[in-house]
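Residue-level structural notes
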Amino acid sequence: MNFSVDRERLSRNLQTIIGERSPFGNRRHLATVGNFIEAEFESYGIAVERDFFSWRGEIFHNVIARFPGSASDRCIIVGAHFDSVIDTPGADDNASGVAVLLETARLLSHAHLNSQVLMCAFNLEELNMIGSTAFASKLKAAGANVEGMISLEMIGYTDLRPGTQKLPVGLSRFYPDRGDFIGIIGNWKSKSLLQKLSSAMREVPDLPVETLSVPGNGWMIPAVRLSDHAPFWDLGYPAVMVTDTSFYRNPHYHAPTDTIETLNIEFMAKVCEGAGRGLMALQALHGIETK
């Protein structure tokens, strides 16, 4: 399969998404971005649906694109949240993840897939994963056979200077101190998914990949739960977060300075290629071991 990432398209999508996207602030842009994501998925010839949920008496929705698979009873989920915190343009958090989600969807639009793939743009992640929690709960209630979930969470910021990469207490001596790698975090139940995805992403030239596996559902290191994979962990599904490590690296986290000028588009393109390779590698599995 051709994993040629369109960097101009990636940058264009970023520019369209960036801007405050919060129900407490710029609701208009939040809605505009949701519509844009839906239109992009449709332009790739993918079936798209709105997944509605309620929050504080109001109705919001996620945007779900469904790629059919020959074994339709199995599915792999790739997600990224499209909301931001109030008063921030949210370039790395999380326009970066959404832009890569869209480009990965475009790359896969002509692939033959064994498992059904759901590309999910989640809403209200910044309010404690409201949209992804609602969607994961629906999948569980329906008895969905979720082989794995991949959350794309802040994947556009790098800093090559020594000492720029911080880590949770006790982990620093195991990882580089330069912010030039992409991190993949899973729990022990997601071991097979973590290994398969990281192996595929390491095939991308000049993309350093670091992994972390945590016990249980990540409560010993609360920071590893701060994305849309956490609701899937809590429901017993294998799931991983792909991340530039957020506030452990990016000084613009949840700040007005989280702008496109701070992002590394070439790094994002490599992560996108890695995500595409990972999804195709996962298609070769008959099932991801979850024990």
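Residues numbered from 1 in each chain as written. Predicted model: local features only at pLDDT ≥ 70, side-chain atom pairs only at ≥ 80, totals over all residues. Heavy atoms only, no water.

1. With respect to the packing of helix 1 (residues 7–17) against helix 2 (residues 27–43)
Axis angle and axis distance: for two packed helices, these are the angle between their axes and the distance between the axes, and together they describe the pair. Contact geometry of helix 1 with helix 2 gives a least axis separation of 10 Å together with a crossing angle of 150°. By the angle class used here, helix 1 and helix 2 are roughly antiparallel. The segment helix 1 lies against helix 2, with Arg9, Arg12, Asn13, Thr16 and Ile17 engaging His29, Val33, Phe36, Glu40 and Ser43. Across the contact of helix 1 with helix 2, the residue classes tally to 3 nonpolar, 4 polar and 3 charged. (Axes fitted to C-alpha atoms, helices over the stretch in contact; angles between N-to-C directions. Helix = DSSP H or I, 4+ residues; strand = E, 2+ residues; numbered from the N terminus. Parallel < 35°, antiparallel > 145°, perpendicular 65-115°, else oblique. Contact = heavy atoms within 4.5 Å. Nonpolar A, V, L, I, M, F, W, Y, C, P; charged D, E, K, R; others polar.)

2. Quick look at the side chain of Asp92
Looking at the element boundaries, Asp92 is found in helix 3 (residues 91–108). The side chain of Asp92 is buried and forms no salt bridge, while Arg249, the nearest opposite charge, is found at 7.6 Å. Leaving out residues up to four positions away in the same chain, Asp92 has contacts with Met154, Ile155, Gly156, Tyr157, Asp244, Asn250, Asp258 and Leu263. (Buried < 20%, exposed > 50% of the residue type's maximum accessible area, 1.4 Å probe, protein only. Lys, Arg positive; Asp, Glu negative; His and termini not counted. Salt bridge = Lys/Arg side-chain N within 4 Å of Asp/Glu carboxyl O.)

3. Describing the nonpolar core
The nonpolar side chains of a soluble globular protein tend to be buried, and buried together. Core analysis: the biggest nonpolar cluster contains 55 residues, and Phe41, Met119 and Val242 have the highest contact counts within it. Apart from the residues within four sequence positions on either side, Phe41 is in contact with Ile46, Val48, Val63, Ala65, Leu101, Leu102, Ala105 and Met119. Counting 23 residues, the second-largest nonpolar core is a separate cluster that includes Leu167, Ile185, Phe232 and Tyr237. (Core = buried A, V, L, I, M, F, W, Y, C linked by side-chain atoms within 4.5 Å.)

4. Quick notes on helix 1
Buried residues of helix 1: Leu10, Ser11, Asn13, Leu14 and Ile17, and no others. In a view along the axis of helix 1, the buried residues occupy a sector of 160°, so they form one face of it. The exposed residues of helix 1 that point more than 90 degrees off its buried face are Glu8 and Gln15. Of the surrounding elements, those touching the buried residues of helix 1 are helix 2, helix 3 and helix 7 (265–283). Regarding helix 1, its N-cap is Asp6, as a side-chain oxygen of that residue lies 3.2 Å from the backbone nitrogen of Glu8 further along. A positive backbone phi angle near 135° is found at Gly19, which sits one or two residues after helix 1. (Arc of directions from axis to C-beta. Polar contact = N/O pair within 3.5 Å; in protein donor to acceptor, adjacent residues only side chain to side chain.)

5. Observations concerning the confidence of the model for the protein chain
Across the protein chain, pLDDT averages 95, with 96% of residues at or above 70. Note that residues 286–291 has pLDDT below 50 and, in this model, 12 contacts with residues that lie over four places away or in other chains. (pLDDT = per-residue confidence, 0-100.)

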